[in-house]
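# Remarks on the overall topology
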Amino acid sequence: DAGVTQSPTHLIKTRGQQVTLRCSPISGHKSVSWYQQVLGQGPQFIFQYYEKEERGRGNFPDRFSARQFPNYSSELNVNALLLGDSALYLCASSLEGAGRQPQHFGDGTRLSIL
Amino acid sequence: AQRVTQPEKLLSVFKGAPVELKCNYSYSGSPELFWYVQYSRQRLQLLLRHISRESIKGFTADLNKGETSFHLKKPFAQEEDSAMYYCALSRNNNAGNMLTFGGGTRLMVKP
């Protein structure tokens, strides 16, 4: 099993642009979560989806949006990029979206805003 | 609101010395606690969780609800334990398993 896969690996954008990040969960996992990790800090929760429904949303502006597809893959969209959006974006999957289910992380997409 | 605090950004020990990585949390409900580890150039991976009460790579962690702590311990550190360690909390219900992470502690084990 390849585990959680994310694309692209790296991305460079300029302020004001829009970006789409992609994630494929581990086969059989129905829940996908997104996290932002700024350099020197722990990951911060952005969104969780389970069975294509939004299960939770972190404290991020409306410029951030996400969706989950019928095959359980997911996209994270960020509009009107700011310098402060530069970070590592992590995707994690779990079997279900319940508290005791551990999450499995991908390698992340490193987003740099110029 | 839930919060996880790891008071040490960096912990440096010699090989064979005991290790304790501190984690304190605040949460009004019943939490699920996890330790994740990130070795150099590898992805974040689950090390252990309190519900399992198991020892992984010699590490153990006990949930102390009175002190709201979930410290990670190992009696004899090895050089291959050098990594970034994150403590994380999830709500113990079916409303989602999103994680709240601490800021992380970098463990350096010197030869």
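Residues numbered from 1 in each chain as written. Chains lettered and ligands numbered in written order. Predicted model: local features only at pLDDT ≥ 70, side-chain atom pairs only at ≥ 80, totals over all residues. Heavy atoms only, no water.

### Concerning the pairing of strand β3 (residues 19-24) of chain A
Residue and element names in this part refer to chain A. Two strands pair when backbone bridges link them, and strand β1 (residues 5-7) and β3 are joined in this way by three bridges, in the antiparallel orientation. Following the sheet pairing, Q6 is matched in β3 by C23. Here five bridges tie β3 to strand β8 (residues 74-78), and the two strands are oriented antiparallel to one another. Bridge pairing links V19 to V78 in β8. (Pairing = 2+ DSSP bridges. Helix = DSSP H or I, 4+ residues; strand = E, 2+ residues; numbered from the N terminus.)

### Section: the interface of chain A and chain B
Each partner contributes to the interface: chain A provides 26 residues, whereas chain B provides 23 residues. Summing the contributions of chain A and of chain B, the shared interface buries around 1900 Å²; its carbon and sulfur component is 47%. At the surface where chain A touches chain B, the tally comes to one salt bridge. When the shortest N-O distance is used, the salt bridge between A:D107 and B:R43 registers 3.0 Å. Across the chain A-chain B interface, the total number found is 11 residue pairs in polar contact (both at pLDDT 80 or more). When residues of the side of chain A that touches chain B are traced back to their parent elements, those giving at least two are β4 (31-37), β5 (44-50) and β6 (53-57) of chain A. (Contact = heavy atoms within 4.5 Å. Buried area = accessible area lost by both parts, 1.4 Å probe. Salt bridge = Lys/Arg side-chain N within 4 Å of Asp/Glu carboxyl O. Polar contact = N/O pair within 3.5 Å; in protein donor to acceptor, adjacent residues only side chain to side chain.)

### A short note on the sheet that holds strand β8 (residues 72-74) of chain B
Residue and element names in this part refer to chain B. With respect to topology, three strands assemble into an open sheet ordered β3-β8-β7, the strand pairing being antiparallel. In the strand order of this sheet, the two ends are held by β3 (19-21) and β7 (60-61), each with one partner. Note that β3 and β8 share three bridges and pair antiparallel. Bridge pairing in β8 places V19 opposite K74.

### Here's the deal with the confidence of the model for chain B
Close inspection of predicted coordinates is inappropriate in any region flagged by low pLDDT. Overall, the predicted model of chain B reaches an average pLDDT of 92, with 96% of residues at or above 70. Across chain B, strand β11 (residues 105-110) of chain B holds the top mean pLDDT of 98, while strand β6 (residues 45-49) of chain B sits lowest at 92. (pLDDT = per-residue confidence, 0-100.)

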